[in-house]
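Observations on chain architecture
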Amino acid sequence: MASTGTWPPLREELRGIEPYGAPQLDVPVQLNVNENPYAPSAECVADIAAAVADAATSLNRYPDREFTALREALAAYLNTDGGRGVTPDQVWAANGSNEVMLQLLQAFGGPGRCALSFAPTYSMYPEYARDAMTEWVVGHRETDFSLDLDAARALVEERRPAVVLLPSPNNPTGTALPPEAVSMLCEAAGDGIVVVDEAYGEFRRAGTPSALELLDRHRNLVVSRTMSKAFALAGARLGYFAAAREICDAIRVVRLPYHLSAVTQATALAALQHAPELLGNVDALRKERDLTVDWLRAQGLEVADSDANFALFGRFADRHAVWQGLLDRGVLIRETGPDGWLRVSVGTPEEMTAFKDALTDVMKADPVNAQQKDLT
Ligand SMILES: *Cc1c(COP(=O)(O)O)cnc(C)c1O
């Protein structure tokens, strides 16, 4: 290779780019990456440990490449939460839904094709597109972070994306998509794949349906989920999707050999047997979310309606100063979203009290930076 003048000889479009990732800081109250604050119970831990011990007896062998037992358990779970007869051959899994979505871009994106989403949205999406050499096209959300459906359809029809990424609820805004919007965009996309990223699906408010209900109607629809959020298993790295069998088959072409380790499969399977317990705090977290949104509004702040386990609030004249002020008081939240906004994950009642106390203190101590931006 000819000299590029820089070392190491990174692809040109990767030079100077900071790796993605929220700061991992050891502070008392961590409300920055939308984790579930409740650790698994002692019984669940014991069952996971036993399953992993059993898997360890055959770690000299490669794992089941088709993760058959796990697919069956994931399909069964989906059919308890919006799925209508999802079968194991309609389920695909990988190391987090981030890997699942990268695989979708690797299979369906590529040079000469584009992927599309609507900002503000999850900041990893353009990275999957970049890593899969796929052009990135971004539409925009309304000021209340909903989608203007006519404009969204027009953009899809104009750009003909190979992959449309639609998080519902959206991160970092918490906005859920109505099923009519999903159906309309699936139709507008033609043969393009429409991924509804339901990483926060289990937190949706009562009456908000899952896109899983639409799977029978649209062969290009993919609904992705993760065990990282509601399922309280972020450390295990297990994400998955449900879609037409042909889409699962296509992903096999790009997956790495034996991508899901025997330890991961055993962990996820054991955890799925504890689904009711692991998901048992979802209602409490939803309530805490609603209380947090109400409290923030009562402070005179703007807050996006949320169907997820976090709230986006603002708008601050200097959000970084507010973020730093909270951190100085032992509370880590996320500086993300449009300028002026901050995102807080929903933790335990004790953690939320600490957050509220710290924010009250910061707004008192630093009224200039905490001042609302002009709502124009
Ligand atoms: C957290 C999150 C995910 C899940 O990531 P994992 O890789 O499964 O941990 C996916 N999509 C969005 C929008 C998220 O916020």
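Predicted, not measured: the structure shown is a model, and the values here were computed from it.

Turning our eyes to something else, we now look at the side chain of N171. Positionally, N171 belongs in the loop between β5 (163-167) and α6 (179-188). One polar contact links N171 to R343, side chain to side chain, over a distance of 2.7 Å. Discounting chain neighbours no more than four positions away, the residues touching N171 are N34, T121, Y122, Y200, F310 and R343.

Because an α-helix packs 3.6 residues into every turn, residues spaced three or four apart end up facing the same way. Helix length check: helix α12 (residues 349-365), at 17 residues, gives a terminal C-alpha distance of 24 Å against a target of 24 Å (1.5 Å per residue), a fit within 8%. On its buried face, α12 sits against β1 (29-30), α10 (282-298), β10 (310-314), α11 (319-328), β11 (331-332) and β12 (342-345).

Another point: the UniProt feature "domain: Aminotransferase class I/classII large" (unreviewed entry) in the protein chain. Within the UniProt annotation, "domain: Aminotransferase class I/classII large" (unreviewed entry) is assigned to residues 29-357. Within residues 29-357, the helical portion is 39% and the strand portion 16%, while the C-alpha atoms at the span's ends are 12 Å from each other.

As a further point, take the sheet that holds strand β3 (residues 114-119). Taken in spatial order, the 7 strands line up as β2-β8-β7-β6-β5-β3-β4 in an open sheet, and their pairing is mixed. At either end of the open sheet lies a strand with only one pairing partner, and these are β2 (91-94) and β4 (135-140). Within this sheet the neighbouring strands show an average axis-to-axis angle of 25°, counted without direction. Strands β2, β3, β5, β6 (193-197), β7 (221-226) and β8 (239-242) of the sheet are contacted by helix α3 (residues 97-108), whose axis makes an angle of about 115° with β2. This element, α6, spans β5, β6 and β7 of the sheet and lies at about 155° to β6.

The next subject is the state of the cysteines. Two cysteines form a disulfide when their sulfur atoms are joined by a covalent bond. Taken as a whole, this structure holds 0 disulfides when the rule is applied. Between C248, a free cysteine, and C186, which holds the nearest cysteine sulfur, the sulfur-to-sulfur gap is 15 Å. For C248, a relative accessible area of 0% puts it in the buried group.

The next thing to look at is the site of the ligand. Near the ligand, the surroundings consist of 13 residues, among which D197, Y200, T226, S228 and K229 are the closest. A distance of 2.7 Å separates a nitrogen atom of the ligand from a polar atom in the side chain of D197. The separation between an oxygen atom of the ligand and a polar side-chain atom of K229 is 3.4 Å. Relative to its unbound accessible surface of 390 Å², the ligand loses 94% to contact with the protein.

The rules behind these values
- Residues numbered from 1 in each chain as written.
- Predicted model: local features only at pLDDT ≥ 70, side-chain atom pairs only at ≥ 80, totals over all residues.
- Heavy atoms only, no water.
- Helix = DSSP H or I, 4+ residues; strand = E, 2+ residues; numbered from the N terminus.
- Polar contact = N/O pair within 3.5 Å; in protein donor to acceptor, adjacent residues only side chain to side chain.
- Contact = heavy atoms within 4.5 Å.
- Expected span 1.5 Å × (residues − 1).
- UniProt positions renumbered as here; feature names shortened; annotations may be inferred.
- Pairing = 2+ DSSP bridges.
- Axes fitted to C-alpha atoms, helices over the stretch in contact; angles between N-to-C directions.
- Disulfide = S-S within 2.5 Å.
- Buried < 20%, exposed > 50% of the residue type's maximum accessible area, 1.4 Å probe, protein only.
- Near = heavy atom within 4 Å.
- Areas by Shrake-Rupley, 256 points an atom, 1.4 Å probe, with all protein chains shown as cover.

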